[in-house]
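Now for the letters of each chain:
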Amino acid sequence: MVLNPVARGAPGELWTNGLATDIRTKEAPYPLVRLRRQDDGSFAAEFPAPEIQDFFSPQAPHRIRWEEGPPGSRGVLWAKNENGLLRIELDRHEPRRLAVAPVFRSLGAEGREIAVAPLAAGTVPLRFSREPITLAWASGLFQRPESERFQTRLLGFNAAWSKPGARNEIAFTNLEGGPFRFEVRTVDRQGRPGPAAALTFTVEPPWSRRPLAYAAYAVAALALVGGFVSWRLRVGDRERARLEHLVAERTVALRAAKEAADAASQAKSTFLANMSHELRTPLNGVIGYAQVLMKDPELSSRNRERLRVVQTSGEHLLRMINEVLDFSKIEAGRLELAAAPFHLPQLLRDIAAAMVPRAQQKSLEFVFDAAPELPELVLGDSLKLRQVIDNLLGNAVKFTPAGLVRFHAGQVAADEIRFEISDTGVGITPADRAKLFQPFQQAANGRPPEPGTGLGLAISQRLVELMGGKLELESTPGAGSRFFFTLSLPVIAADASGPTDAVRMIDGYRGPRRKLLVVDDVDTNRHVLRDLLAPLGFEMLEAADGPAALRQVAAARPDLVFLDLRMPGMDGFELARRLRALPDGHDPAARPLKLIAMSASVLSFNRADAFAAGCDDFLPKPFRESDLLARLGLALRLEWSGPVPVVPAPVPGRTDSRTPFPLATAIPFPDLDQLLTIAQRGEITALRQRLETFRGDPFADALLGLAKSYRMERIRELLQEHAGRSAR
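These remarks concern the structure in this document. All of these numbers come straight from a predicted model, not from anything done at the bench. (Residues numbered from 1 in each chain as written. Predicted model: local features only at pLDDT ≥ 70, side-chain atom pairs only at ≥ 80, totals over all residues. Heavy atoms only, no water.)

1. A short note on the overall build of the protein chain
Then comes step 1: Within the protein chain, the regular secondary structure consists of 16 helices and 29 strands.
Then comes step 2: In the protein chain, which comprises 728 residues, the proportion classed as buried is 42%.
Then comes step 3: Taking the intrachain contacts of the protein chain between residues at least 6 apart in sequence as the baseline, contacts between residues at least 24 apart amount to 66%.
Then comes step 4: For the protein chain, the exposed surface amounts to about 37800 Å²; the carbon and sulfur share of it is 56%. (Helix = DSSP H or I, 4+ residues; strand = E, 2+ residues; numbered from the N terminus. Buried < 20%, exposed > 50% of the residue type's maximum accessible area, 1.4 Å probe, protein only. Contact = heavy atoms within 4.5 Å. Areas by Shrake-Rupley, 256 points an atom, 1.4 Å probe, with all protein chains shown as cover.)

The following block contains the structure:
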């Protein structure tokens, strides 16, 4: 370790030859240092001017002595080494600031040296080169290089100054663009920077990054994109042509498949229509004559029981045929509602009465529970409602070996009726419940085998949905099942035109003798109607075809015509239209001719078709005697006679069928006369279309309401009354 000499200076100052000395070279980093005492007792180092330091470099002074000067002065400092003795008057010495900038010596670029003289004059343009750009400089003080330090920066690339260092040249690579401004300055030993020397230059980009090259790139890219698009379009055209060819082939195949399916569907429909007619026609004779014979008082009880088996078997076969036909209608989307007024309590009583014998045969308790607040006359499709309830009750009786079957109907809102069928039977397992409403499916787990098509519940569910409800099921295996649904059945004012429900034990009617004409090409069908109605006091006429019926109407003037829709030559529709086109063959004061259409081809013809042809009602074959008498009584306004009351009890607030309708109308007389002509022909569809043109007129709106329930007679009466008033 080398001990540095220390000399006392002015008050609070010490002088030494350096803070540390290299033991090998005996050189201090700062040959002369002044230490000033601080308020906290520490010392701060100060360095004299560089020229004083340079005098002693590279070896520090061996002797230091401070000489006190005149009062108020800072004194004189003496320092000596091999270079000599130096006297420093501290009051007169001022450290010299660096006022000279470095000088550029050379610039290397583009693989060559560029002249230095004009460099500071402006911006130097440089071409792009892979060679580095080199800059060299020297201090403007012309001192020894080892005592100089420099700082540099390149504006446009990095604005920060570098750390001070002795390096006097620099190189840059991969510069492009600009302008770039290179600056360099000298830093003294005390870290004070001097003025900077600057050089501004730009570097041209390579040809691959010049605007012309970019333009060429854009053109090439556009050409490439265009070529790609063209290629894709050609590929797309080929693919489209392939797909079009494939679609054409598939279309042909699908068309052929559709034609085959349509042909199969048409063949199925034709087959079902023909089979329904061929099956229902003999069934009409079987069930009809069973009903005729059941009324024979001389029939023995044994034969009556046998006859009941024949009738029950025929009705069971009819139900199975109806289920298949209804399912075919559902598949074809041809099943529609035929809304009409009907007596709800009477319908429910008839259904329950028909179910009692079946329950008694199995020794089951049957409970019919109808709420007393049920409305009497409602608007809906009574046939479909009967079909649903019959099916659910039949299943309950069929699958209940012992116990109770309960049928409940109650009102849950103004126009909403809830129907429930429950039993204490074997119940339905969850596995069977998942497929219970699927076509041709029957519950099997824990249930005895029973005959049937497996369509009943599927059809019932679709019918309930068609009527605006939802068929629901609750069941516990071994404890029974409960089916329930709610329907909206608008309550309507009662019509005193005659009973609308089934009647029993009728032995005649009151009033003048009525004449009926039966038009059917099947002898059995004519004879069934004759044997059912002649004992009640009707005069029966028969015709085997349309022309014969026209002659009978002209000669005998019947009150009502039963006409079969499916006949060779002139069918029932054409016959109905011709009968409606005839002038009244009756006395003008007599009632107009009534037409009731009948058909066993319920898949081909329906109620709407019959009304459109001019008929007043439609009765499918085979028919129940109660349905036949109900429609006959409604059409002719008959008052039946018999040991059992045949007319339901009057409904409170019931009004007569001639309840006044709004008489004020703006319909001109010619239009009223035309409406009357259409109504007399029985063309319900044309009548509705014509009335739609007068919608908003009170009288026309009233007639539209009557047309929706097919009350053609009331429509004719009102039109005759208004046409007569308009004529006057």
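2. Quick look at the packing of helix H9 (residues 546–556) against helix H10 (residues 572–581)
When two helices pack together, their arrangement is given by the angle between the helix axes and by the axis-to-axis distance.
Then comes step 1: Two numbers describe how H9 lies on H10: the axes approach to 10 Å, and their chain directions differ by 25 degrees. Taken together, H9 and H10 sit at an angle that is classed as roughly parallel. Considering the relative orientation of H9 and H10, their crossing is right-handed. In this structure, H9 uses Gly-546, Ala-549, Leu-550 and Val-553 to contact H10, whose residues at the interface are Leu-575, Arg-578 and Leu-579.
Then comes step 2: Of the residues assigned to the contact of H9 with H10, the class counts are five nonpolar, one polar and one charged. (Axes fitted to C-alpha atoms, helices over the stretch in contact; angles between N-to-C directions. Parallel < 35°, antiparallel > 145°, perpendicular 65-115°, else oblique. Left-handed = near helix turned anticlockwise from the far one by under 90°. Nonpolar A, V, L, I, M, F, W, Y, C, P; charged D, E, K, R; others polar.)

3. Let's talk about the nonpolar core
Then comes step 1: Grouped together as the largest cluster of nonpolar side chains are 39 residues, with contacts concentrated most on Leu-344, Leu-385, Ile-389, Leu-393, Phe-419 and Phe-485.
Then comes step 2: Of all the elements in the fold, those that place two or more residues in this core are helix H4 (344–361), helix H5 (382–398), strand S19 (404–411), strand S20 (416–423), helix H7 (456–466) and strand S22 (480–488).
Then comes step 3: Discounting chain neighbours no more than four positions away, the residues touching Ile-389 are Leu-348, Ile-351, Phe-407, Phe-419 and Phe-485. (Core = buried A, V, L, I, M, F, W, Y, C linked by side-chain atoms within 4.5 Å.)

4. Re the sheet that holds S20
Then comes step 1: The five strands lie next to each other as S17-S19-S20-S22-S21, forming an open sheet whose pairing is mixed. Edge strands, defined here as strands with exactly one partner in the open sheet, are strand S17 (365–370) and strand S21 (472–476). Averaged over all pairs of adjacent strands, the angle between their axes in this sheet comes to 10 degrees, without regard to strand direction.
Then comes step 2: Across seven bridges, S19 lies against S20 in antiparallel orientation. Among the inter-strand pairings, Gln-411 is bridged to a residue of S20, identified as Ile-417. (Pairing = 2+ DSSP bridges.)

5. What about the environment of Arg-8?
Then comes step 1: Within the fold, Arg-8 resides in strand S1 (residues 6–8).
Then comes step 2: Residues Arg-8 and Leu-35 lie 27 residues apart in sequence; the distance between their C-alpha atoms is 9.9 Å.

6. Here's the deal with helix H14 (residues 684–692)
Then comes step 1: For H14, the full list of buried residues reads Ile-684, Leu-687 and Leu-691. With its buried residues spanning 60 degrees around the axis, H14 presents them on a single face. (Arc of directions from axis to C-beta.)

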